[in-house]
Amino acid sequence: MSASRLILASKSRARRMVLENAGVPFDWRDAGIDENRIKQESLKAGRIPEDLALQLAAAKAMAAASSSGTLVIGCDQVLALGNTLFDKPADMDAARDHLKKFSGRTHRLISAVCLAEHGAVVWSHVSIANMHVRELSNRFIETYLDREGERILSSVGAYLLEGRGAQLFERIDGDYFTVLGLPLLPLLEELRKRGILPA
């Protein structure tokens, strides 16, 4: 399969880099879905975070899918602290508030990935990482926010694990790629099964 027949339905630079570094040939496009509407409808319906992550991933893949036989990768991530879902912080004050709430507690990053083809989802997978945040002092939080700046606003947890965000944690139970928002290893296995990658 050529690169033009495998599409990543995401504008996330981190997800594109994950696939590029793994040697997966693909094109990408922004799926352009209304995530807030899907989240609100899901919460009203009482869906669990795992179902919401999968619903968002599927919506992205379906939005970018066509009848041409193009295989589309859709992926998304949800952060849950207990029964509370967190979105990307709107500003630095929101990021500060999120970090204070995460301090000394464990939240879950739920990452879903699916493949859509001919207008239907043909494969999906959900992975969970349990993120154990150490007790964070106010001084640490302020220093962290000052050094990281507004780039952390692009992350649902207000941290980038590949940078200073690693200092927030005492332990992580789960896959690194799940934290990045793209469960890569199950996806690679499925692409091998489909003959897109060499076995």
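Rules of the game
Residue numbers run consecutively from 1 along every chain, following the written order of its sequence. Local features are withheld for residues below a pLDDT of 70 in this predicted model, meaning they are given only at 70 or higher, and side-chain atom pairs are given and counted only at 80 or more; totals for whole chains, interfaces and linings count all residues. Side-chain descriptors were evaluated using all non-hydrogen atoms of the structure, hydrogens and water having been removed beforehand. To form a nonpolar core, buried Ala, Val, Leu, Ile, Met, Phe, Trp, Tyr and Cys residues must be joined to one another through side-chain atoms within 4.5 Å. Relative accessible area decides the class of each residue, using a 1.4 Å probe on protein chains only: under 20% of the type maximum gives buried, over 50% gives exposed, and in between gives partly exposed. Strands are runs of DSSP state E lasting at least two residues, helices are runs of H or I lasting at least four, and both sets are numbered from the N terminus onward. Any two residues whose heavy atoms approach within 4.5 Å at even a single point are treated as in contact. Lining residues are those with an atom within 4 Å of a point, where the points come from a 1 Å grid over the protein atoms alone and group into cavities, where a 1.4 Å probe fits but cannot get out, or pockets, open sets with protein on both sides within 12 Å along at least five of seven lines. Grid points are joined across faces, edges and corners, and a volume is the space filled by probe spheres set on the points. Polarity classes work like this: nonpolar for Ala, Val, Leu, Ile, Met, Phe, Trp, Tyr, Cys and Pro, charged for Asp, Glu, Lys and Arg, and polar for all others, with Gly in that last group. The aromatic pairing rule takes the rings of Phe, Tyr and Trp, using the six-membered ring of Trp, and pairs them if the centres are within 6.5 Å, calling planes under 30 degrees apart stacked, those over 60 edge-to-face and the rest tilted. Whether a charge sits over a ring depends on NZ of Lys or CZ of Arg being within 6 Å of the ring centre and within 35 degrees of the ring normal.

Draft legend 1. Representation of the nonpolar core in the model. One finds Leu99, Tyr144, Leu145, Tyr159 and Leu168 to be the most contacted residues of the largest nonpolar core, which totals 25 residues. Secondary-structure elements contributing two or more residues to this core are β3 (71-81), α4 (92-102), β6 (120-133) and α5 (138-148). Those residues within four positions of Leu145 in sequence are excluded, and the remaining contacts are Met92, Ala95, Arg96, Leu99 and Ile152. Ranked by size, the runner-up nonpolar core spans 20 residues in total, among them Ile73, Cys75, Leu115 and Leu184.

Draft legend 2. Main features of the layout of surface pockets. In this structure, the largest pocket encloses a volume near 1,200 Å³. Taken together, 42 residues form the lining of the largest pocket, with Ser12, Arg15, Lys88, Ser154 and Ser155 sitting closest to its centre. At the level of secondary structure, the elements contributing two or more residues to the lining of the largest pocket comprise α1 (13-21), α2 (35-44), α3 (49-64), β3, β4 (84-86) and α6 (176-180). Ranked by residues supplied to the lining of the largest pocket, first place goes to α1 with six residues. Here the residues of the lining of the largest pocket are counted per class, giving 21 nonpolar, nine polar and twelve charged.

Draft legend 3. Expanded view of the packing of aromatic side chains. Taken as a whole, this structure holds four aromatic pairs when the rule is applied. Ring centres 5.8 Å apart and planes at 65° place the aromatic pair Tyr176 and Phe177 in the edge-to-face group. On the basis of relative accessible area, Phe177 is assigned to the partly exposed category, the value being 23%. Positioned above the aromatic ring of Trp28, the side-chain terminus of Arg16 is 4.0 Å from the ring centre. Over the ring of Phe140 we find Arg134; its NZ or CZ atom is 4.4 Å from the centre of that ring.

Draft legend 4. The arrangement of unusual backbone geometry in detail. Despite not being glycine, His118 has its phi angle at roughly 55°, a positive value. By the element assignment, His118 lies in the loop between β5 (106-117) and β6. For His118, a relative accessible area of 52% gives the class exposed.

By themselves, these figures tell us nothing about what the structure is for.
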